[in-house]
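The lines below spell out each chain.
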Amino acid sequence: MKDVKDEEILVKGGRLLGCPGGLRAEGDILIRGERIAGVGRGISSRGRVIDARDCLVAPGFVEMHAHLREPGFEYKEDIESGSEAACAGGYTAVFCMPNTDPPIDNQAVAQYVFARGKEVGLSMVLPHGAITVGTDGKNLAPMSEMARCGANVTCFSDDGNSVSDSEVMLRAMEYAATLGGLIISHCEDKSLSRGGQMNESYFSTSLGLEGIPPEAEEISVFRDICLAEKASARLHIAHVSTAASVELVREAKKRGVLVSAEVTPHHFSLTDSALLTSYDTNLKVNPPLRSAQDVKAVLEGLADGTIDVIATDHAPHAPHEKEVEFEKAPFGVIGLETSLGLVVTKLVDSGILSLEEAIAKLTISPARITGMERWGYSTTLAEGDIANFVVFNADEKWTVKPEGFRSRSKNSPFLGWELKGRVQSTIFEGRVVFERGEVFPGA
Amino acid sequence: MAGEAKNLISIADLSKDEISGILSLASSFAEVLRRPVKKVPALRGKTIVNLFLEPSTRTRMSFELAAKRLSADVVNFSSGTSSIVKGESLKDTAKTIFSMGADAVVVRHQSSGAPQMLTKWVDCSVINAGDGMHEHPTQALLDLYVMRERMGGLEGLKVAIVGDIEHSRVARSNILALNKVGSKVLLCAPRTLLPAGIEEFGVETTVSLDEALGWCDVLYLLRVQAERIEGPRFPSLEEYHENYGLSEKRWDKLEKKPLVMHPGPMNRGVEIASSVADEVEPSIAGQVAAGVAVRMAVLYKLLSGSVSSERFEREQ
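Cut-offs applied
- Here the residue numbers are simple positions, counted from 1 along each chain's written sequence.
- Key to labels: chains lettered from A, ligands numbered from 1, both in the order written.
- Per-residue local features of the predicted model are confined to residues with pLDDT of at least 70, and side-chain atom pairs are confined, for both listing and counting, to 80 or more; whole-chain, interface and lining totals are unaffected and use all residues.
- Values shown for side chains rest on all heavy atoms present in the structure; no hydrogens or waters enter the calculation.
- Secondary structure elements are defined from DSSP: runs of H or I of at least 4 residues count as helices, runs of E of at least 2 residues count as strands, and each element is numbered from the N terminus.
- Classification of residues uses two cut-offs on accessible area relative to the type maximum, computed with a 1.4 Å probe and protein chains only: under 20% is buried, over 50% is exposed, and between them is partly exposed.
- Note on definitions: a residue-residue contact is assigned when non-hydrogen atoms from the two residues lie within 4.5 Å.
- To get an axis, fit a line to the C-alpha atoms, keeping to the stretch in contact for a helix; angles then go from 0 to 180 degrees between the N-to-C directions.
- Working definition: roughly parallel below 35 degrees, roughly antiparallel above 145 degrees, roughly perpendicular at 65 to 115 degrees, and oblique for all remaining angles.
- Working rule for handedness: look at the near helix, and if it is turned counterclockwise from the far one by less than a right angle, call the crossing left-handed; if clockwise, right-handed.
- Classification of ring pairs rests on two measures: the distance between centres of Phe, Tyr or Trp rings, Trp counted by its six-membered ring, which must be within 6.5 Å, and the angle between planes, read as stacked under 30 degrees, edge-to-face over 60 and tilted in between.
- For a ring to carry a charge above it, either NZ of a lysine or CZ of an arginine must fall within 6 Å of the ring centroid while also lying within 35 degrees of the normal to the ring plane.
- Take the buried residues of types Ala, Val, Leu, Ile, Met, Phe, Trp, Tyr and Cys, join any two whose side-chain atoms come within 4.5 Å, and each joined set is a nonpolar core.
- On a scale of 0 to 100, pLDDT captures the predictor's confidence in every residue.
- For each structure, a 1 Å grid was placed over the protein atoms alone; sets of points admitting a 1.4 Å probe that cannot get out are labelled cavities, open sets with protein on both sides within 12 Å along at least five of seven lines are labelled pockets, and lining residues have an atom within 4 Å of a point.
- Grid points are joined across faces, edges and corners, and a volume is the space filled by probe spheres set on the points.
- Under the convention used throughout, the expected extent of a helix is 1.5 Å for every residue step, that is, one less than its residue count.
- Salt bridge, as used here, is a side-chain nitrogen of Lys or Arg placed within 4 Å of a carboxyl oxygen of Asp or Glu.
- Residue ranges assigned to the domains are those given by an automatic or database domain assignment.
- Here the quantity called buried area is the accessible surface, traced with a 1.4 Å probe, that two parts lose on coming together, added over both.
- What qualifies as a polar contact is a pair of N or O atoms within 3.5 Å, subject to a donor-acceptor requirement within protein and to the restriction that residues adjacent in sequence count only when both atoms come from side chains.

The next thing to look at is the environment of D103 of chain B. Residues and elements named next belong to chain B. On the secondary structure map, D103 appears in the loop between α3 (90-99) and β3 (104-109). When its relative accessible area of 26% is taken as the criterion, D103 is described as partly exposed. Not counting residues up to four positions away in its chain, the partners in contact with D103 are G45, K46, T47, C124, S125 and L303.

Let us now look at the packing of helix α7 (residues 214-231) of chain A against helix α8 (residues 243-255) of chain A. Residue and element names in this part refer to chain A. At their nearest, the axes of α7 and α8 sit 9 Å apart, and the two run at 15 degrees to each other. Relative to α8, α7 is oriented roughly parallel. In the crossing of α7 with α8, the sense of the turn from one axis to the other is right-handed. Of the residues in α8, those touching α7 at E217, E218, V221, F222, I225 and E229 are A244, S245, L248, V249, A252 and R255.

A separate point is the packing of aromatic side chains. Evaluation of the coordinates by the stated rule reveals ten aromatic pairs over all chains. Note on F29 of chain B and Y300 of chain B: the rings are 5.8 Å apart at their centroids and 70 degrees apart in plane angle, and the pair reads as edge-to-face. Taken as a pair, F29 of chain B in helix α1 (residues 16-33) and Y300 of chain B in helix α10 (residues 274-304) lie far apart in primary sequence, 271 residues in all. Each member of the pair, F29 of chain B together with Y300 of chain B, is buried. Seen in terms of ring centroids, F234 of chain B and Y240 of chain B are 5.0 Å apart; in terms of plane orientation they differ by 35 degrees. Their pairing is tilted. Residue classification places Y240 of chain B among the buried residues on the basis of a relative accessible area of 2%. Clustering of aromatic rings is evident, with ring pairs tying together F61, Y91 and F392 of chain A. Taking the ring centre of F331 of chain A as reference, the NZ or CZ of K284 of chain A above it sits at 4.8 Å.

In terms of nonpolar packing, the biggest core is built from 127 residues, with M173, I183, I237, F268 and I359 of chain A together with L118 of chain B touching the most fellow members. Core analysis: the second largest hydrophobic core is formed by 91 residues, I22, V146, C188 and A297 of chain B among them.

Per-residue confidence for chain B gives a mean pLDDT of 91, with 91% of residues at or over 70. Model confidence for the complex: the whole-complex pTM is 0.94, and ipTM, which rates the interface, is 0.93.

Here we come to empty space enclosed by the protein. It is a probe the size of a water molecule, rolled over the atoms, that shows where empty space is left. Residues and elements named next belong to chain B. Taken as a whole and judged by the stated rule, the model has five cavities of 30 Å³ or more. Estimated volume of the largest cavity: approximately 110 Å³. Lining the largest cavity are R58, T59, S62, Q139, L142, H262, P263, I284, Q287, V288, G291 and R295. At the level of elements, α2 (58-69), α5 (137-151) and α10 are the ones that each hand at least two residues to the lining of the largest cavity.

To continue, consider helix α10 (residues 292-303) of chain A. Residue and element names in this part refer to chain A. Its twelve residues place the ends of α10 17 Å apart at the C-alpha level, agreeing with the 16 Å of an ideal helix rising 1.5 Å per residue. Among the residues of α10, those classed as buried are D294, V295, A297, V298, L299, G301 and L302. Where α10 is buried, its residues contact α8, β14 (259-263), α9 (265-269), β15 (309-310), α12 (339-348) and α13 (355-362).

Let us look at the pattern of salt bridges. All names here are of chain A. Tallied over the entire structure, the rule returns 38 salt bridges over all chains. Of the charged contacts, one joins E229 and R255 as a salt bridge, the two residues approaching to 2.9 Å between their closest N and O atoms. One end of the pair, E229, is in helix α7; the other, R255, is in helix α8, and 26 residues separate them in sequence. Bridged by salt links that share partners, the residues E70, E80, R116 and E119 form one connected network.

As a measure of interface size, the accessible area lost when the parts come together is often cited. Residue and element names in this part refer to chain B. Domain parsing of chain B yields domain 1 (11-136 + 291-315) and domain 2 (137-288). Taking only C-alpha atoms into account, the centre of domain 1 sits 25 Å from that of domain 2. Across the contact, 32 residues belong to domain 1 and 29 residues belong to domain 2. Note on domain 1 versus domain 2: buried area summed over both sides is about 2500 Å², and carbon and sulfur give 61% of it. For the domain 1 face of the interface with domain 2, the top three residues by lost area are I11, M133 and H136, together amounting to 28%. Where domain 1 touches domain 2, the interface holds two salt bridges. Between E54 and R169 there is a salt bridge whose closest N-O contact spans 3.0 Å. Counting the contacts that link domain 1 with domain 2 gives 15 residue pairs in polar contact (both at pLDDT 80 or more).

All names here are of chain B. Over its 15 residues, α5 runs 21 Å from end to end, which matches the ideal 21 Å to within 8%, given 1.5 Å per residue. α5 sits mainly inside the fold: eleven of its 15 residues count as buried. When α5 is considered as a whole, its buried residues turn out to be P137, T138, Q139, A140, L141, L142, D143, L144, Y145, V146 and M147. Trailing α5 by a residue or two, G152 shows a phi angle of about 85 degrees, which is positive.

Here it is, written out as structure tokens:
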């Protein structure tokens, strides 16, 4: 390996979009080693030049909610294929959920995932730790141990195994707050959602599929907000999907509750009617795709800032798991490689968010909520920052095809869609890890 | 099913005219079934596979008889004796069946949507013989056939469907079919058995069986599917019978007796009192008999590519 310390890369002619700071004029970014060595106009360099004309240069995206499946389910995805998908999607940091086998409920597994991500070197891979041992909702997992190890875990979630016992959830919030950490809640009252396959509505009745009522989510959102308020603890609500959930978060924020929320691209792009007559298992997600009114409320929540973050809930599953009867298929879709396209197509082009606001929900918002400053991760695109950024063309149209995915799994609900907005290059820690469809494994 | 459609997955696939066409064709086949030799060569050389992955007696036998009366070759495939028990996926099973040269697969499955999925995996006709809580289109067609025969017409006919609407594929198919032919539908059930958004199907609902009885020309009783009802839908079968069962008392009180129908098998003492069941037994047996003729019509229509009963009659 040659000495990269003084190697230069010049990203030339793109419009710069720092967070905060917003959209600036066209400019160049000079990278030396792993850091940004200069930002301005007319910079020249003897090093490699990346032509960013017609493109935007934004901070690398931060994924708060992904399932990278390693260890335990490498046939769906592993940290290497997941990292490739991440850099292809413009992400330079990915938080992965602890529902692996074994689960990330102790420092050994957390450290393994973190180290494996470093080894692959295409993106930061940061594990979320489990709230309870084995994510079974009973005993608190060793949060402090996970926080102290190299992976420095500060966000905790039992994800799909929503903590049903209210006292356990309350204590988890208090304990996480003691450590300065954050609880991320997948809100689902399983006694109402049990057996459910899709949103409860005319469409579930028409398809003869068991419904998951919106109240299964809303009851749990309300409970967790109550608990966070009581504990004066920080709470992040994962994948908000219903109108009443958005309203609960909005009201809680007004009262000063330390709550934040995310939404997935599939929840703001699709409704439950998409399932009609198709029984497409790539539309089977949890929480389920909701009604048109719910999607409208989610878009309003994005627009007024109630929803802070866009997270994909990237959930790879193998073809043989999805090509089965609807009731047998697992929940979840992949999302890392289509999120920018959906954000531009569904949010920016339709006037829901400005480009700056949309990019903030992929960068500075998740970075703040997850405390990325402890890694020296910056979203400002300023001289001296570690060079983590993405060069993308907001006007380029492309069609989603299964063979185009870097993820090991192809379970996308957007196959065949034409999207606007495509990643051209991703720079991670000063290296070009992705450019024009190709991944460049690092160190 | 318009034009070249080769599958019957949902009643929604059929137009009003297509439903009438099938019912007329079924009348012609019913005539064949009254002959000494109850068989026609209409589908000679065709192979029909009965893929029944959920227990069924009458529907499977009915489809098998229908196919045989049309001179098709029939292969029966059920979950207990197949590779499904060895863990073979539905997709692989479907592909195997198709490779064997089937012209049609008649599928019964406990999962809603399974027949729809099969259409993606095989190139032959797929006929839904009941999927989960979704639909049972040939049941609805035979029910319409019986109502038309017994009541003289379907337009404006008042049909009350009583019982576990939520879990009933028979109810869903009948609601769609009755709406298409211009009948009126009233659903009667406790609130715990009425599914979300049911009013969007263009039906009325009531929680009072007596109201339904006073209104209807046809009383369609659904089987209480104890195996599908999880959780607290009603306190006990006794209480269900008390409120939603066709008891002797209710039946005797009625001045104008409606046509009573039931998709079978009946739970005597639950949705219907045993003595009333005995009394209405002939019309329920009539449903079973009509089933063969209607399924002959469906198989013929899908596999011969013809919608015209005249053509069948000409060929005779």
